[in-house]
Amino acid sequence: MKQLTEKEIRAAFVNCSKGEAKRLSVPRDLADHPWDDLDYFGWRDPQAPGRAYLVAELEGTVRALVLRSPGHTSGQARRSMCSICLTTHDGGVSLMVAPKAGKAGQQGNSVGIYVCSDLACSLYVRGKRDVGAGARLHETITLEEKIQRTVANLAAFAAKVTAV
């Protein structure tokens, strides 16, 4: 993924108003992220722990999504699988809900997906972040095929958010 500026990120949001996009928290350390290893850039809002954001270049267009997730829940952590990168975590997968774009979102419609809580799917797929033994299922496909699958899963979710 190419490195994005704060201005490019704010302009890319498809499921919130321009005013909301202007006010949301974008990380100040954009240059410090491993852009070459990212299929999408995701972060949690430090001022609102229940909010998260992701930005990706899909079909040649940079798109960003506002996501909501429940806060940390108490209780026993279960092993769950991320629907984007297919990594399993003990308690490290969250249901993230995105308001739909346009009129449907204004009416309260949303789309959900189970995703790595830290939004680091790209790093898990590439083996640059480890979640421990058994977290990545043994697969016979190549790294490039895993990356393509991750991008396809993300694109399918984004398409649901932007569907009319």
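Right, let's walk through the structure included here. (Residues numbered from 1 in each chain as written. Predicted model: local features only at pLDDT ≥ 70, side-chain atom pairs only at ≥ 80, totals over all residues. Heavy atoms only, no water.)

### Let's talk about the environment of Cys85
Under the convention used in this document: Starting at the N terminus, helices and strands are each numbered in turn, a helix being any DSSP run of H or I of at least four residues and a strand any DSSP run of E of at least two. Pairs of residues are marked as contacts when any of their non-hydrogen atoms sit within 4.5 Å.
Secondary-structure assignment places Cys85 in the loop between β4 (79–81) and β5 (88–90). Along the chain, Cys85 and Ser17 lie 68 residues apart, while their C-alpha atoms are 29 Å from each other. Non-local contacts of Cys85, meaning those with residues more than four positions away in its chain, are made with Cys116, Cys121, Val125, Arg136, Arg149 and Thr150.

### Focus on unusual backbone geometry
As a reminder, the rule being used: Accessible area is worked out with a 1.4 Å probe on protein chains only. A residue is then buried under 20% of its type maximum, exposed over 50%, and partly exposed in between.
One non-glycine residue, Glu59, lies in positive phi territory at about 55°. Secondary-structure assignment places Glu59 in the loop between β2 (51–58) and β3 (61–68). With relative accessibility at 75%, the residue Glu59 sits in the exposed group. If you check the backbone angles, Leu86 has positive phi at about 65° while not being a glycine.

### Focus: the side chain of Thr150
Tracing the sequence through the fold places Thr150 in helix α5 (residues 143–162). You can call Thr150 buried: its relative accessible area is 1%.

### Here we look at the pairing of strand β6 (residues 93–99)
Where we set the bar: What makes two strands pair is DSSP finding at least two bridges between them.
For β6, the buried fraction is high: six of the seven residues fall into the buried class. Sheet topology note: the β6/strand β7 (residues 110–116) ladder contains seven bridges and is antiparallel. Residue Val97 lies in a different strand from β7, and its bridge partner there is Gly112.

### Focus: the pattern of salt bridges
Which entries qualify depends on this criterion: Every case where a carboxyl oxygen of Asp or Glu lies within 4 Å of a side-chain nitrogen of Lys or Arg is listed as a salt bridge.
The final tally for this structure, using the stated rule, is eight salt bridges. Among the ionic pairs, Lys2 bridges to Glu8, the shortest N-O distance being 3.0 Å. Among the ionic pairs, Asp118 bridges to Arg129, the shortest N-O distance being 3.0 Å. Highlighted residues: Asp118 in the loop between β7 and α4 (121–125) and Arg129 in the loop between α4 and α5, separated in sequence by eleven residues. Here Asp118 falls in the partly exposed class, since its relative accessible area comes to 34%. Given the relative accessible area of 37%, Arg129 is considered partly exposed. What emerges from the salt-bridge pattern is a single network uniting Glu6, Arg10 and Arg28.

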